[in-house]
Amino acid sequence: MLRNKSLLFSLSISVGLLISGIPLLAMAQQYRPPSRGIPGRREGAGTRGTCMTGQKFLMPLTPVNGFSATVSSQPTFFWYVPPSSARTAEFALLDGNDRALYKTTIALPETPGIVSYTVPETVASTVLEVSKDFYWQFTILCDPTSAWRNPFVEGVVQRLQPTPDLTRQLKQARSVYDRASVYASSGLWHDAIALLAQEQCARPDDASARVHWKTLLKSVQLEEFAAEPLTAACSAMIQE
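Source: prediction; values computed, not measured.

Asker: Whenever I open this one, the overall build of the chain confuses me. Can you help?
Answerer: A count of helices and strands for the chain gives 7 helices and 8 strands. Across the 240 residues that make up the chain, the buried fraction comes to 53%. Considering only intrachain contacts with a sequence separation of at least 6, the fraction spanning at least 24 residues in the chain is 70%.

Asker: Can you walk me through the packing of aromatic side chains in this structure?
Answerer: We describe a pair of aromatic rings using the distance from one ring centre to the other and the angle between the two ring planes. All told, the structure shown has 10 aromatic pairs when counted by the stated rule. Taking 5.8 Å as the distance between ring centres and 55° as the angle between the ring planes, the aromatic pair formed by Trp79 and Phe91 counts as tilted. Of the two residues, Trp79 is situated in strand β3 (residues 76-81) and Phe91 in strand β4 (residues 88-94); the sequence distance between them amounts to 12 residues. For Trp79, a relative accessible area of 0% corresponds to the buried category. An aromatic cluster is built from Phe77, Trp79, Phe91, Tyr117, Trp136 and Phe138, whose rings are joined through pairwise contacts.

Asker: Where do I start with the pattern of salt bridges in this structure?
Answerer: Note on pairing: side chains with opposite charge can pair once their charged atoms come close. Scanning the entire structure with this criterion turns up 6 salt bridges. Between Arg149 and Asp143 there is a salt bridge; the shortest N-O distance is 3.6 Å.

Asker: When you look at the packing of helix α5 (residues 189-202) against helix α6 (residues 207-218) in this model, what are you seeing that I'm missing?
Answerer: When two helices pack together, you describe them by how their axes are tilted relative to each other and by the distance separating the axes. One can describe the packing of α5 onto α6 by two numbers: an axis separation of 9 Å at closest approach and a directional angle of 155°. By the angle between their axes, α5 is roughly antiparallel relative to α6. For the pair α5 and α6, the sense of crossing is left-handed. Between α5, through Trp189, Ala192, Ile193, Leu196, Ala197, Glu199 and Gln200, and α6, the contact on the second element is made entirely by Ala209, Arg210, His212, Trp213, Leu216 and Leu217. Here the contact of α5 with α6 is composed, by residue class, of 9 nonpolar, 2 polar and 2 charged.

Asker: Explain the sheet that holds strand β1 (residues 59-60) to me, please; I cannot follow it from the model alone.
Answerer: To summarise the sheet geometry, strands pair through backbone hydrogen bonds and adopt either a parallel or an antiparallel arrangement. Pairing within the open sheet is antiparallel, and its 3 strands lie in the order β1-β3-β6. Each edge of the open sheet carries a strand with a single partner, namely β1 and β6 (113-118). Contacting β3 and β6, helix α7 (residues 231-239) runs over the sheet at an angle of about 20° to β6.

Asker: I tried to follow the sheet that holds strand β7 (residues 133-140) on my own but got confused; where do I start?
Answerer: Taken together, the 5 strands give an open sheet; going across it, the order is β2-β8-β7-β4-β5, and neighbouring strands pair in mixed fashion. This sheet does not close on itself; its edge strands, each paired only once, are β2 (67-70) and β5 (100-107). When strand polarity is set aside, the average angle formed by the axes of neighbouring strands in this sheet is 25°. In the sheet, β4 pairs with β5 via 7 bridges, with the strands oriented antiparallel. Its bridge partner being in β5, Thr88 is matched across the sheet by Ala107.

Asker: Explain the environment of Ser235 here, please?
Answerer: Examined against the element boundaries, Ser235 turns out to sit in helix α7. A sequence separation of 34 residues divides Ser235 from Cys201, and the C-alpha atoms of the two residues are 8.8 Å apart.

Asker: Could you clarify how one ought to interpret the nonpolar core in this entry?
Answerer: The tendency in soluble globular proteins is for nonpolar side chains to be buried side by side. Residues Leu61, Phe78, Ile193, Trp213 and Leu216 are the most contacted members of the largest nonpolar core, which totals 41 residues. Listed by contribution, the elements that provide at least two residues to this core are β2, β3, β4, α3 (164-172), α4 (176-185), α5, α6 and α7. Of the residues forming this core, the biggest block, 7 residues, is contributed by α5. In contact with Leu61, not counting residues within four places along its chain, are Phe78, Trp79, Tyr80, Ile114, Trp189, Ile193, Trp213, Leu222 and Phe225. One finds Ala45, Leu58, Leu93 and Val127 within the second-largest nonpolar core, a separate group that totals 27 residues.

What counts and what doesn't
- Residues numbered from 1 in each chain as written.
- Predicted model: local features only at pLDDT ≥ 70, side-chain atom pairs only at ≥ 80, totals over all residues.
- Heavy atoms only, no water.
- Helix = DSSP H or I, 4+ residues; strand = E, 2+ residues; numbered from the N terminus.
- Buried < 20%, exposed > 50% of the residue type's maximum accessible area, 1.4 Å probe, protein only.
- Contact = heavy atoms within 4.5 Å.
- Phe/Tyr/Trp six-rings, centres within 6.5 Å; stacked < 30°, edge-to-face > 60°.
- Salt bridge = Lys/Arg side-chain N within 4 Å of Asp/Glu carboxyl O.
- Axes fitted to C-alpha atoms, helices over the stretch in contact; angles between N-to-C directions.
- Parallel < 35°, antiparallel > 145°, perpendicular 65-115°, else oblique.
- Left-handed = near helix turned anticlockwise from the far one by under 90°.
- Nonpolar A, V, L, I, M, F, W, Y, C, P; charged D, E, K, R; others polar.
- Pairing = 2+ DSSP bridges.
- Core = buried A, V, L, I, M, F, W, Y, C linked by side-chain atoms within 4.5 Å.

Here it is as structure tokens:
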């Protein structure tokens, strides 16, 4: 598989919070992307092969430019998986030379919806070096023997060291939603989406949790996936 080479342009970013005089709740989980020179582009994977159906494509829940940052030692990734006869997917982390640093197989649910995967801490601590770009791929294994039949999506992730200002803002946050706002405003996508997903899983009937989740996804043009079930993602996060 060849990655979009435009993703190779990278720039170190600061995670300092850029909010001044604006209440955290007023930000409503609006993701603020960091500046990264020439960006890539998030793309969904179409029905290449025969195992995926439905109106929506396989889609990573990431910012539009395909880049996502985190200060977590165990970042969680999310994808929308359409109806499919495949029961497994593969998640891989690669370096800038397309060398696989980590691979694992993920079980897929029988029904369409959002799935997640959290990188084990032992892997993150040995593979995801701080302030360095890594590339991820998520592949639906329609046919394990024929790679060309397997649709995939990809992106770039960077693990960052939290700044003193970020730490201070998080300590001042009064709720989960405040913390998610801090992360989103600071360009820390994984941390923001993981918090809101966990809140939805813990309070599935809470209208406020759904609103905050939808607001975050809308801020990166993914509002059409906001109502997709999180059942599989919730199960995965509970087991971790």
